[in-house]
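# Close look at the chain arrangement
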Amino acid sequence: MLSPATILVELFLIPLAVLIIYHDVRYRRIPNPIVLATLISGLATNFVLGGVGGGLNSIAGCVLAFVLMFTLHVFGAMGAGDVKLFAAIGSLLGAHLVLPTFVVVVLTGGLLGVVVVVRCGVLRTTLHRVLQILLGLLPGWQMPKFSVPADRRLTIPYGAAITIGAIIATAIFHH
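Here's what I pulled together on the structure shown here.

## Quick word on helix α2 (residues 32-74)
Taking 1.5 Å as the rise per residue, α2 with 43 residues should run 63 Å; its terminal C-alpha atoms sit only 20 Å apart, a clear shortfall. At Gly50, α2 shows its largest kink, close to 145°. Positive phi shows up at Gly76, right after α2, with a value of about 80°.

In structure tokens:
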């Protein structure tokens, strides 16, 4: 059975997902006002429900989520909006749910990526680039830099994976 706090988080995440998916799929942008509202809501909710400890857990969740996504951003795998969105969701979830949510988000994003690759008919090119990236991790090899495709159909609206992954993870790992 879901706790009242988990139900409250899910009730916030579901409309957030609808907004983010719409904006990210249509415009490939995640609006900062939505991210800021999520951050403030996460901090306020955790502070009200958990006092100072809840507020600190919210801040820790935000920082941990930011660090995880920013690491991917540094390698060009994630946009800045995705980093900010996951940090804001981390403030809502709290530190204890960030790592399991990150795993679910990565898996959700991978599934979304496969759908995009197959739908656009670029499986061979994508596999070749993945091989180049893996080789770039080896000592003595250089990490390739790929530019963002001009055709936005070839990009992944990762905000969708982040919000859907957060909903799934919250339902699975609730406490």
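So, next bit.
## Considering the packing of aromatic side chains
Inspection of every chain in the model, using the stated rule, returns three aromatic pairs. An angle of 85° between the planes, with centres 6.1 Å apart, marks the rings of Tyr22 and Tyr27 as edge-to-face.

## Brief notes about the packing of helix α4 (residues 95-120) against helix α6 (residues 158-173)
Between α4 and α6, the least distance of the axes is 7 Å, while the angle of their chain directions is 130°. Considering the angle they form, α4 stands oblique to α6. Seen from above, α4 lies across α6 with right-handed handedness. Across from Leu97, Pro100, Thr101, Val104, Val105, Val106, Thr108, Gly109 and Leu112 in α4, the residues of α6 making contact are Tyr158, Ala160, Ala161, Ile162, Ile164, Gly165, Ala166, Ile168, Ala169 and Phe173.

## Details of helix α3 (residues 80-93)
With 14 residues, α3 ought to run about 20 Å at 1.5 Å a step, and its terminal C-alpha atoms sit 20 Å apart, in line with that. Extensive coverage of α3 is indicated by the burial of twelve of its 14 residues. Residues Gly81, Asp82, Val83, Leu85, Phe86, Ala87, Ala88, Ile89, Gly90, Ser91, Leu92 and Leu93 constitute the buried set of α3. The inward-facing, buried residues of α3 abut α1 (4-27), α2, α4 and α6. Phi for Gly94, located one or two positions after α3, is positive at around 90°.

## Concerning the environment of Cys120
Note on placement: Cys120 falls in helix α4. For the pair Cys120 and Arg153, spaced 33 residues apart in sequence, the C-alpha to C-alpha distance is 7.5 Å. Ignoring anything within four residues of it in the chain, the contact list for Cys120 reads Arg153 and Leu154.

## Remarks on the side chain of Thr108
Along the chain, Thr108 falls in helix α4. What makes Thr108 buried here is its relative accessible area of 18%.

## Notes on the nonpolar core
Of all hydrophobic cores here, the largest spans 26 residues; its most connected members are Leu13, Met69, Leu85, Phe86, Ile89, Tyr158 and Ile162. Sorting the residues of this core by element identifies α1, α2, α3, α4 and α6 as the ones contributing at least two each. With seven residues, the single largest contributor to this core is α3. When near neighbours in sequence (up to four residues on either side) are disregarded, Ile162 contacts Met69, Asp82, Leu85, Phe86, Ile89 and Val105.

## Thoughts on the environment of Leu43
Assignment of secondary structure puts Leu43 in helix α2. Residue classification places Leu43 among the partly exposed residues on the basis of a relative accessible area of 30%. Sequence separation of Leu43 and Gly61 is 18 residues, and the distance between their C-alpha atoms is 9.8 Å. Among all residues touching Leu43, those that are not within four sequence positions of it are Ser58, Ile59 and Ser91.

## Topic: the packing of α2 against α4
Direction vectors running N to C along α2 and α4 enclose 30°, while the axes themselves pass 8 Å from each other. If you check the angle between α2 and α4, you find them roughly parallel. For the element pair α2 and α4, the recorded crossing hand is right-handed. Of α4, the residues touching α2 (which contributes Asn57, Ala60, Gly61, Leu64, Ala65, Leu68, Met69 and Leu72) are Ala95, His96, Val98, Leu99, Phe102 and Val105.

## Considerations on the side chain of Thr38
Locating Thr38 in the fold gives a position in helix α2. Residues in contact with Thr38, not counting those within four places in the same chain, are Phe12, Leu16, Ala88, Ile89 and Ser91.

About the thresholds
Residues numbered from 1 in each chain as written. Predicted model: local features only at pLDDT ≥ 70, side-chain atom pairs only at ≥ 80, totals over all residues. Heavy atoms only, no water. Helix = DSSP H or I, 4+ residues; strand = E, 2+ residues; numbered from the N terminus. Expected span 1.5 Å × (residues − 1). Bend = angle between axes of the 7 residues up to and from the residue. Phe/Tyr/Trp six-rings, centres within 6.5 Å; stacked < 30°, edge-to-face > 60°. Axes fitted to C-alpha atoms, helices over the stretch in contact; angles between N-to-C directions. Parallel < 35°, antiparallel > 145°, perpendicular 65-115°, else oblique. Left-handed = near helix turned anticlockwise from the far one by under 90°. Contact = heavy atoms within 4.5 Å. Buried < 20%, exposed > 50% of the residue type's maximum accessible area, 1.4 Å probe, protein only. Core = buried A, V, L, I, M, F, W, Y, C linked by side-chain atoms within 4.5 Å.

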